[in-house]
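Listed below are the residues making up each chain.
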Amino acid sequence: MGEEIGFLGLGIMGKAMSMNLIRHGFKVTVWNRTLSRCDELVEHGASVAETPAAVVKKCKYTIAMLSDPSAALSVVFDKGGVLEQMCSGKGYVDMSTVDSDTSSKISEAITSKGGCFLEAPVSGSKKPAEDGQLVILAAGEKKLFEEALPAFDVMGKKSFFLGQVGNGAKMKLVVNMIMGSMMNAFSEGLILADKSGLNTQTLLDVLDLGGIANPMFKMKGPTMIQKSYSPAFPLKHQQKDMRLALALGDENAVSMPVAAAANEAFKKARSMGLGDLDFSAVYEAVKFPENSS
Amino acid sequence: MAMSFVKAIYTCSLSTSIFNSPPTKAMAMSSSFCNRTPNHFSGRPISSFPTKPTFSLSFKAFCSQTSASTAKADEMPVRIGFLGLGIMGSPMAQNLIKAGCDLTVWNRTKNKCDPLISLGANSGDKPLFETAAPFLDIMGKSRFFLGDVGNGAAMKLVVNMIMGSMMASFSEGLLLSEKVGLDPSVLVEVVSQGAISAPMFSMKGPSMVQSLYPTAFPLKHQQKDLRLALGLAESVSQPTPIAAAANEMYKVAKSRGLSDQDFSAVIEALKVKLQNQSD
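On a predicted model such as this, the values are computed, not experimentally measured, just so you know.

1. Regarding the overall build of chain A
So, point 1. Per the secondary structure count, chain A includes 13 helices and 9 strands.
So, point 2. For 293 residues, the compact-globule formula gives about 19 Å, and the C-alpha radius of gyration of chain A, at 20 Å, lands near that figure.
So, point 3. Over its C-alpha atoms, taken along the principal directions, chain A stretches across nearly 65 × 45 × 35 Å.
So, point 4. Relative to its full complement of 293 residues, chain A shows a buried share of 59%.
So, point 5. Treating the 31 positive side-chain charges of chain A as one cloud and the 32 negative ones as another, the clouds have centres 2 Å apart.

2. Some points on the UniProt feature "domain: 3-hydroxyisobutyrate dehydrogenase-like NAD-binding" (unreviewed entry) in chain B
So, point 1. Sites flagged by UniProt as "domain: 3-hydroxyisobutyrate dehydrogenase-like NAD-binding" (unreviewed entry) map to residues 150–269 of chain B.
So, point 2. Taken end to end, residues 150–269 of chain B has its terminal C-alpha atoms 32 Å apart, with 68% of it in helix and 0% in strand.

3. Regarding helix α10 (residues 215–225) of chain A
So, point 1. Every buried residue of α10 of chain A is listed here: Met-216, Phe-217, Lys-220, Gly-221 and Met-224 of chain A. With its buried residues spanning 120° around the axis, α10 of chain A presents them on a single face.
So, point 2. At its buried positions, α10 of chain A is contacted by α8 (167–195), α9 (200–208) and α13 (282–286) of chain A together with α8 (151–179) of chain B.
So, point 3. Just downstream of α10 of chain A lies Lys-227 of chain A, where phi reads positive at about 55°.

4. Some thoughts on the packing of aromatic side chains
So, point 1. All told, the structure shown has 8 aromatic pairs over all chains when counted by the stated rule.
So, point 2. Considering the side-chain rings of Phe-217 of chain B and Phe-263 of chain B, the 5.4 Å spacing of their centres and the 65° angle between planes classify their relative orientation as edge-to-face. Taken together, the residues span a long stretch of sequence, with Phe-217 of chain B in the loop between α10 (199–209) and α11 (219–235) and Phe-263 of chain B in the segment after α12 (241–255) at a distance of 46 residues.
So, point 3. For Phe-263 of chain B, a relative accessible area of 3% translates into the label buried.
So, point 4. Members of the aromatic cluster, each reached through a chain of ring pairs, are Phe-145, Phe-152 and Phe-161 of chain A.
So, point 5. When the ring centre of Phe-160 of chain A is taken as origin, the NZ or CZ atom of Lys-158 of chain A, which lies over that ring, is 5.4 Å away.

Criteria and cut-off values
- Residues numbered from 1 in each chain as written.
- Chains lettered and ligands numbered in written order.
- Predicted model: local features only at pLDDT ≥ 70, side-chain atom pairs only at ≥ 80, totals over all residues.
- Heavy atoms only, no water.
- Helix = DSSP H or I, 4+ residues; strand = E, 2+ residues; numbered from the N terminus.
- Rg over C-alpha atoms; globule rule 2.2 N^0.38 Å.
- Buried < 20%, exposed > 50% of the residue type's maximum accessible area, 1.4 Å probe, protein only.
- Lys, Arg positive; Asp, Glu negative; His and termini not counted.
- Charge placed at Lys NZ, Arg CZ, Asp CG, Glu CD.
- UniProt positions renumbered as here; feature names shortened; annotations may be inferred.
- Arc of directions from axis to C-beta.
- Contact = heavy atoms within 4.5 Å.
- Phe/Tyr/Trp six-rings, centres within 6.5 Å; stacked < 30°, edge-to-face > 60°.
- Lys NZ or Arg CZ within 6 Å of the ring centre and 35° of its normal.

Printed below as a string of structure tokens:
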């Protein structure tokens, strides 16, 4: 893949991912809604384009990393969007986390212009993005998946090809649903330990030794105890993912009582103004009364 | 020796508190206690002490006995446990501490221990923990001393509450993935690669995908632990909606006859059971 790669979206994830590509010798042209976020990439050798269309015009492959379904759609369908320059021979890889309907919509639009489409949402947040340790959940055009592998191998530690468009989106939502519920269960455990007169750090130590030890508890536990919620994965995005997962369950009449309860906690956290903090800030919403301990 | 020692203490402490009670009742009580004064006190010389009612004599005799035993304490310390620090127990225990006894206290309401602890009582039994350590180390890979009796139980319930909720959520994920056309085995693999990778998921996931639940931890015991954790949460007025939702799932699984299966069988609670199906 010695071609020029386009990168749309330089948020928490996109900035780290595109930086990794540049560091590993890829030629990258970036675009971001707020153009100033491109500056650091430019310092490291990236080119900038003024619109998504301008990026696609220049590059054989374009990767997108947007925050939610509406941003992902906007970049494709708006004036100056991807569609204006999409044509045969070009590939579009959308790594945003969206619902499968949004992904299908984008896929149809791209392929109707003759382009190839791959959805490739990722599992992992800021640090794995910086370290190139993401887990990539791709689906769509198999050929494009194979062509994208050199870039995927730089950004991630493992890539899955899951079949038809929609499967990557669904897999990502299921994983994040479990994660959101786990963060809630963890929060309930921490506050119950605290209120029962136990030492919360000791709870972390005990958890770390057993069958339910996991990197998320290990990483977030100490910062939650210190009420430190610098965002690696914004709470509002976690709640969006819970909502989309619940909608998926709705469509298929699948029972999900724990996820539903977890979603309520994230909603409460948002209403408390914690949406832009790390999703572990749901701990503050789980504490009762709020701000106790 | 220990038994009679304790009995003597009880006798003498009550005698002391009698000083503070109304005279007539005290006299009546003390005379009955004098009758029960242990035999090995009765031979004590009276002449060493100023003339006082019999019950105070036995108290002083006890104190000299106590100081004798504390003099021996360096060679063979006697540790005494005291359960129950209510209206009676608290002053009784206080007297023991003031007399120099090595006292370990327990009370159902933990904060009643605090005045005794500030006077020098121990809570929980750290010395016993140290003694048991070599045996704990044979059975386990790690040991924690968590303080007062009750803390170990609470910690266990908190851990199992988190575990029960995690298994319930994992079940939801497996079932949802299957219903939307994904391969649940791939979900297990994806989870194992990321931030929520846990030994429990990697171990149980594959068998759950095949609807097999070989019993390592019976579902009925997981549900019992969740019920107890919810009780603990209620006792400290802490809402735990996720644990509550998970508990309901285990109850459904129990009603389906899955009590003796592994707790991972909770996934069955999410599956629709048709009326003509048997377990």
